[in-house]
Each structure stands twice: as structure tokens, then as C-alpha cells.
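# Coordinate inspection notes
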Amino acid sequence: MATAQRPSLDERRSAAAARLREFGQQHLLHFWDRLSDVARSSLLDEIDALPLEMLQRTFADQSAAPKPDPHSILPVDPVVMDRVDTERYVREGSAVIAANRVAAFTVAGGQGTRLGSDAPKGTFPATPILRKSLFEVFAESIGAARARWSARIPWLIMTSPLNHDATGRFFAAHDWFGLGQESVHLIVQGTLPSLDRAGRVLLATESAIALNPDGHGGAVRALDQSGWLNRLAREGIDTLSYFQVDNPLCKPVDALFIGLHHAHPDSSGEVSSKVVAKTSAAEKVGVFCQRGNSRFVMEYSNMPREMTEARDAEGALLHRAGSIAVHVFGVPFLQRLVREGHGLPLHRALKKVPCIDPETGTHRVPTEPNAFKLESFIFDTVPAARRALVAQTTRTEEFAPIKNAVGEDSPATSSALQSERAAQWLERCGVRIARDAATGRCLAEIELSPRTALDAAALATCATLPARIGAGERLTI
Ligand code: UTP
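Okay, so let's go over this structure. (Residues numbered from 1 in each chain as written. Predicted model: local features only at pLDDT ≥ 70, side-chain atom pairs only at ≥ 80, totals over all residues. Heavy atoms only, no water.)

### Re the layout of surface pockets
Test applied: Buriedness of a pocket was judged along seven lines, with at least five required to meet protein on both sides within 12 Å; pockets are open sets of points on a 1 Å grid over the protein atoms alone, cavities are sets where a 1.4 Å probe fits but cannot get out, and lining residues have an atom within 4 Å of a point. Grid points are joined across faces, edges and corners, and a volume is the space filled by probe spheres set on the points. Only DSSP runs of H or I with at least four residues qualify as helices, and only runs of E with at least two residues qualify as strands; both kinds are numbered from the N terminus onward. Gly is put with the polar residues, along with every residue not named as nonpolar or charged; the nonpolar set is Ala, Val, Leu, Ile, Met, Phe, Trp, Tyr, Cys and Pro, and the charged set is Asp, Glu, Lys and Arg.
Approximately 860 Å³ is the volume attributed to the second largest pocket. Lining the second largest pocket we find 44 residues, and of these Lys251, Glu397, Trp425, Leu454 and Asp455 sit closest to its centre. When residues of the lining of the second largest pocket are traced back to their parent elements, those giving at least two are helix 4 (86-98), helix 5 (134-149), helix 9 (255-263), helix 12 (395-398), helix 13 (411-428), strand 21 (445-447) and helix 14 (456-460). The residue makeup of the lining of the second largest pocket, split by class, is 24 nonpolar, eight polar and 12 charged.

This is the structure in C-alpha cells:
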């Protein structure tokens with residue numbers, strides 16, 4: 001039988017050049033003559049994988065994107081989690097977990113540029129006293145959930161080609177935090193090229209395109225292409241508990257939330273999302289909104305000022321359902337999105353992207369934003385659900401993000417919030433905590449391991465709680 005002959009490098013180059021010319025991207029071959037055959041082949045692989053038509057469309061669409069019309073958009077009316085029949089929904093959620101229908105899913109493929117560390121963000125030391133990494137905190141929580149519900153709860157973690165190996169090495173070096181390597185699965189997400197202000201693809205080197213991870217929305221594709229979506233379904237797992245790597249207070253397996261997702265009348269069991277009330281109009285979080293019967297998240301940067309600042313009759317922010325990027329997905333829902341070809345839209349954001357000059361090859365490390373990164377967002381799955389549940393939780397219970405090196409949403413603010421939640425749980429158990437008389441601020445530093453307690457009720461059953469914690473004390477429980 002004759003085998004098809006692989007095209008030569010020259011033939012591949014000609015085909016690539018014709019395709020690039022059609023989309024105004026011929027500069028990508030500018031340094032061809034200087035490259036080795038190996039470098040040429042790898043550059044052609046990257047060019048062949050470029051979704052040029054989609055890049056062009058995305059760039060053109062967003063150059064002319066109309067601002068949303070505030071009059072057609074209503075605020076959502078979330079289900080308030082501490083006002084529902086908690087016992088009933090925790091029972092429903094617990095049954096789902098105990099039946100081995102739940103997997104935990106962390107998206108950890110981001111570049112963490114604002115934090116300013118090259119290491120995977122999940123390896124960042126996040127807790128107030130012991131400086132445990134974010135991955136360790138989640139591992140403890142998932143381990144405790146496995147024990148509480150005698151359930152498998154596999155842990156899926158999305159990495160990117162940029163941090164996959166380092167993430168794997170970190171877990172191996174920590175012996176998979178005692179969870180068992182066979183129950184923790186790293187899935188690699190895809191990449192997209194960065195574009196200059198004219199829509200031209202940037203080169204990182206003479207033979208490599210400047211690629212960035214394709215956004216947390218890349219999770220749907222990554223789950224599908226890795227085979228995990230179908231594997232979950234085959235293993236009877238219909239519930240994916242999704243959270244970001246940068247929030248040490250999040251609850252990777254929350255029976256109440258899972259119960260609401262499956263049994264609340266406002267939920268079609270497809271996608272449920274947690275929100276907190278925004279603290280101020282200026283807070284930079286996406287907000288859940290409603291148009292007709294469809295719910296969606298509007299990014300803060302897209303929200304017209306009159307919407308951001310609008311108040312209701314009581315004087316509270318009208319659009320206050322701030323997303324904390326915690327969701328539960330029905331696996332059949334994600335399978336449907338894939339089957340029906342619901343590509344998530346690409347968003348572009350102006351960022352600093354190191355690149356080379358397309359004419360001279362000189363390396364540039366920009367000090368100002370110079371390029372558009374393209375990303376899809378996981379919350380763009382929400383409008384595809386028949387009834388997307390939005391559940392409002394208490395901020396101090398589960399939101400302490402680490403985004404920036406200093407200032408707001410930094411390791412320092414996150415540590416203070418972690419300590420504060422521990423203090424509140426202890427107070428509910430009758431422990432007296434030293435607080436500043438004027439501000440109410442907790443004056444001790446407290447680190448509470450998820451292994452000790454997954455919630456305040458579980459903490460109350462701990463035998464060895466102190467009677468009081470004084471100002472300046474540092475306590476790990
Ligand atoms: P962010 O939007 O905060 O981005 O990601 P980031 O990349 O971590 O940080 P900056 O913007 O560069 O400073 C929110 C969550 O989505 C994940 C991140 O790892 C984080 O858990 N994410 C983001 C991905 O998994 N992949 C991506 O392509 C982007």
C-alpha cells in the first residue's frame with residue numbers, strides 16, 4: 001500500500017505563506033532564512049494551528065462592538081444561601097456527593113502576571129501563618145470532603161502549556177498531598193496568539209509565536225479534548241465543582257451549593273454560580289444580569305456607568321450580584337455545549353506582552369500594554385443554560401482572592417480575611433476573640449486547616465478549642 005508522502009518544508013512554507021497573506025499575517029515568516037530546519041518545522045506547526053479566520057473576525061467584531069443597552073438589562077434576583085431550607089439542601093447535596101457523582105475542578109492555567117511570580121499560582125504560599133500553598137489548602141479540603149462523605153471525589157486541575165510541568169513537579173514533590181496521584185489529574189488547556197494593536201500576530205522569538213493560555217473558558221475544550229468530559233460521564237460523575245486557584249477560602253466541595261444546583265426550583269441542574277453582594281460600585285468583579293429569561297455575566301469593564309452606579313429604592317447597588325467565579329456544572333450540560341458546537345466568544349484585553357520587533361527581530365519587554373491577549377471566559381456558558389441558578393453567599397465565608405502582589409486582593413488582604421473567617425467560626429463555637437473596639441477587626445492571627453473543620457458546625461465538635469484568643473496571638477488549629 002502506498003503511504004502518503006509528507007510535504008517537504010518548502011511545500012509547507014508555500015502553503016503557509018499563501019494562507020498568511022490572505023489574512024495579512026505574512027510577517028510571521030519574515031525570519032525564515034535565518035532559521036534551522038528544526039525551528040522552521042516548529043514555526044510551521046504553530047502557524048498551521050492558528051485559527052486565522054477566527055482571529056480576524058474577533059478583532060474586527062470587537063473593534064466595532066456596540067455598548068450594551070442598559071434599558072434591556074435587569075438585575076438578577078439571587079437565591080440567598082442562608083435563607084433557604086439549609087438542612088434540606090445540604091441533605092440533597094450530601095447524597096449526590098456520597099453517591100460518587102462529584103468531581104472537583106480547579107482552573108490553574110492562568111499566568112498570574114499581576115502577582116508577579118513565574119511559578120504556577122497554585123504553588124503560592126497563601127495561608128496566614130504556615131504559608132501553605134493554595135494547592136495544599138485545596139488538597140486538605142478535598143481530602144476532608146472525601147473522608148466526610150466516604151466518596152472518591154477525583155480532583156481535576158487545568159494547567160496551561162506554560163505551567164503544566166512545573167505544576168506536576170510541585171505535586172510530585174509533595175507526594176500529591178496524600179491524596180494519591182491516581183486521584184489527581186492535570187489537564188492542559190489550549191493557547192491563542194497575542195495580537196498587536198493592528199491585529200497582527202506577535203512573535204515571541206524569530207521562530208515562535210507569542211502564545212497565551214486561552215482563558216478559563218478554555219476549560220470546556222480542554223475537558224472535551226482530553227477525553228475527561230466523556231470519562232466523567234462514563235464513571236457516573238454528573239457534577240463538576242468548579243473553582244479558581246486564587247481563592248483560598250473557597251469550598252471545593254460544598255454540599256449546600258451542590259444541593260441547590262440539583263434540587264432548587266430555580267435550577268435546571270446545568271450551571272449554578274455563586275455571587276456576593278458588591279461592596280462598592282467601583283469593585284472590579286463581573287456582575288450577573290438578566291435579559292429576558294437569560295442570565296449572563298457582564299464584565300465590570302463593559303458595564304456602562306449608569307448601570308454600575310444605579311441604586312434600588314433602598315439605596316443599595318442595583319446590579320450587585322458580583323461573581324466569585326465558583327460554579328457547579330452539570331456534566332451533561334457541558335457535553336451538550338460541545339455537541340452543539342457552542343464556541344465561547346473570545347474577549348480581548350490590552351496587556352504587556354514581551355515580543356520581538358517584526359522587522360528587526362530585536363527583543364522588546366514592554367513597560368506599557370502593547371498587545372491584545374485573547375481569552376474565552378467560563379461564565380459565557382451561563383446563557384446557554386435553561387435556568388441558571390445564581391446563589392448569593394456571604395463574602396467573609398468564601399472569598400479572599402489573591403490577584404495582586406500588594407494592595408487590594410493581595411496576599412496580605414487574603415491572609416486577614418482567612419484569619420477573620422476562622423475567628424467568626426470560633427466565635428460561633430463560643431470562643432472569645434480579641435477585637436479592636438473601634439473597628440471590630442480581629443486582633444489575633446488564626447489559621448484554621450480544612451482538615452480540622454470544613455465549616456463552623458464541624459468546628460463545634462472539636463474537643464480542644466481554646467476559651468479565648470488574645471490580641472497579638474498567632475494560633476494554628
Ligand atoms: P485571572 O483572570 O485572575 O488571570 O484568572 P490570571 O492569569 O490568574 O492572572 P493575571 O490576570 O495574569 O494577573 C482567574 C482564574 O482562571 C484561571 C487562573 O489560573 C485563575 O484560577 N485561568 C485564567 C486559567 O486557568 N487559564 C487561563 O487562560 C486564564
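What follows picks up the thread again.
### Some points on unusual backbone geometry
Even without a glycine there, the phi angle at Asp175 is positive, about 50 degrees. Tracing the sequence through the fold places Asp175 in the loop between helix 6 (164-173) and strand 5 (184-188). In this structure, Phe177 is a non-glycine residue whose phi angle is positive, near 50 degrees. By the element assignment, Phe177 lies in the loop between helix 6 and strand 5.

### Quick look at the site of the ligand
Put simply, the rule is: By convention in this text, a residue qualifies as near a molecule or strand provided that one of its non-hydrogen atoms is within 4 Å of it. As used in this structure description, the phrase polar contact means that two N or O atoms lie within 3.5 Å; if the pair is within protein, one of them must be able to donate a hydrogen and the other to accept it, and residues adjacent in sequence are counted only when both atoms belong to side chains. Using a 1.4 Å probe, accessible areas were evaluated by the Shrake-Rupley method; residue-level cover was limited to the displayed protein chains.
By nearness alone, 20 residues border the ligand, and Val107, Gly109, Thr113, Gln189 and Lys403 come closest of all. At a separation of 2.7 Å, an oxygen atom of the ligand approaches a polar backbone atom of Val107. At 2.7 Å from an oxygen atom of the ligand is found a side-chain nitrogen or oxygen belonging to Lys403. Starting from 570 Å² of accessible surface for the ligand in isolation, the protein chains cover 91%. Its residues assigned to classes, the shell around the ligand comprises five nonpolar, nine polar and six charged.

### Observations concerning the pairing of strand 14 (residues 321-330)
For clarity, the cut-off: Any residue under 20% of the maximum accessible area for its type is buried, any over 50% is exposed, and the rest in between are partly exposed; the area is computed with a 1.4 Å probe on protein chains only. Whether two strands pair comes down to DSSP finding at least two bridges between them.
With 10 of 10 residues buried, strand 14 is to be regarded as a mostly interior element. With four bridges joining them, strand 10 (residues 239-244) and strand 14 adopt antiparallel strand pairing. Bridging from a neighbouring strand, Thr239 pairs with Gly330 of strand 14. Examined bridge by bridge, strand 11 (residues 271-277) and strand 14 share six bridges and lie antiparallel to one another.

### As for the pairing of strand 3 (residues 102-107)
As a reminder, the rule being used: For a crossover, the right-handed case is the one in which the path from the first strand over the helix to the second runs clockwise, viewed with the strands pointing away from the viewer.
Counting buried residues in strand 3 gives six out of six residues, a clear majority hidden from the surface. Alternating positions in strand 3 separate into two faces, Val102, Ala104 and Thr106 on one and Ala103, Phe105 and Val107 on the other, with burial throughout. Across six bridges, the pairing between strand 3 and strand 10 is parallel. Residue pairing for strand 10: Ala104 is matched across the bridge by Ser241. Bridge analysis of strand 3 against strand 4 (residues 155-159) gives four bridges, and the strand direction is parallel. Paired with Phe105 across the bridge in strand 4 is Leu156. For the crossover from strand 3 across helix 5 to strand 4, the handedness is right-handed.

### A word on the packing of helix 4 against helix 9
Threshold: Note on geometry: axes are C-alpha line fits, over the in-contact stretch for helices, and angles between N-to-C directions span 0 to 180 degrees. Any angle between 65 and 115 degrees counts as roughly perpendicular, while under 35 counts as roughly parallel, over 145 as roughly antiparallel, and the rest as oblique. By the convention used here, residues are in contact when the closest approach between their heavy atoms is within 4.5 Å.
As a packed pair, helix 4 and helix 9 sit with axes 7 Å apart at the nearest point and diverge in direction by 90 degrees. The orientation of helix 4 with respect to helix 9, classified from their angle, is roughly perpendicular. Residue-level inspection shows Thr86, Arg88, Tyr89, Val90, Glu92, Gly93, Ser94, Val96 and Ile97 of helix 4 in contact with helix 9, the latter providing Ala255, Leu256, Ile258, Gly259, Leu260, His262 and Ala263. When the residues that make up the contact of helix 4 with helix 9 are grouped by side-chain class, the tally is nine nonpolar, five polar and two charged.

### Some points on empty space enclosed by the protein
Per the counting criterion, the structure on display carries one cavity of 30 Å³ or more. Space inside the largest cavity adds up to approximately 40 Å³. Lining the largest cavity are Phe105, Ala219, Val220, Leu223, Leu240, Tyr242, Phe329, Leu334 and Ile378. For the lining of the largest cavity, the elements supplying multiple residues, two or more each, are helix 7 (218-225) and strand 10. Element by element, the count of residues in the lining of the largest cavity is highest for helix 7, at three residues.

### Some words on the pattern of salt bridges
Threshold: By salt bridge we mean one thing: a side-chain nitrogen of Lys or Arg within 4 Å of a carboxyl oxygen of Asp or Glu.
This model, assessed by the stated rule, comprises 29 salt bridges. In this structure, Lys121 and Asp246 form a salt bridge, with 3.5 Å as the shortest nitrogen-oxygen distance. With a gap of 125 residues between them, Lys121 in the loop between strand 3 and helix 5 and Asp246 in the loop between strand 10 and helix 9 connect regions that are remote in the sequence. Asp246 gets classed as buried once you look at its relative accessible area, which sits at 5%. Across the pair Asp312 and Arg320 runs a salt bridge, and its minimum N-O distance is 3.2 Å. One network of salt bridges, with partners in common, ties together Glu270, Arg336, Glu340 and Arg386.

### Considering the packing of helix 1 (residues 9-22) against helix 2 (residues 37-48)
In a packed pair of helices, the relevant descriptors are the angle between the two axes and the axis-to-axis distance. What counts, and what does not: Each crossing gets its hand from how the near helix is turned against the far one by less than a right angle, where anticlockwise is left-handed and clockwise is right-handed.
Interaxial distance between helix 1 and helix 2 falls to 10 Å at its minimum, and their mutual angle equals 40 degrees. Taken as axis vectors, helix 1 and helix 2 run oblique relative to one another. Pair helix 1 / helix 2 crosses with left-handed handedness. Contacts between helix 1 and helix 2 pair Leu9, Arg12, Arg13, Ala16, Arg19 and Leu20 from the former with Asp37, Arg40, Ser41, Leu44, Asp45, Ile47 and Asp48 from the latter. Taken together, the residues that form the contact of helix 1 with helix 2 break down as five nonpolar, one polar and seven charged.

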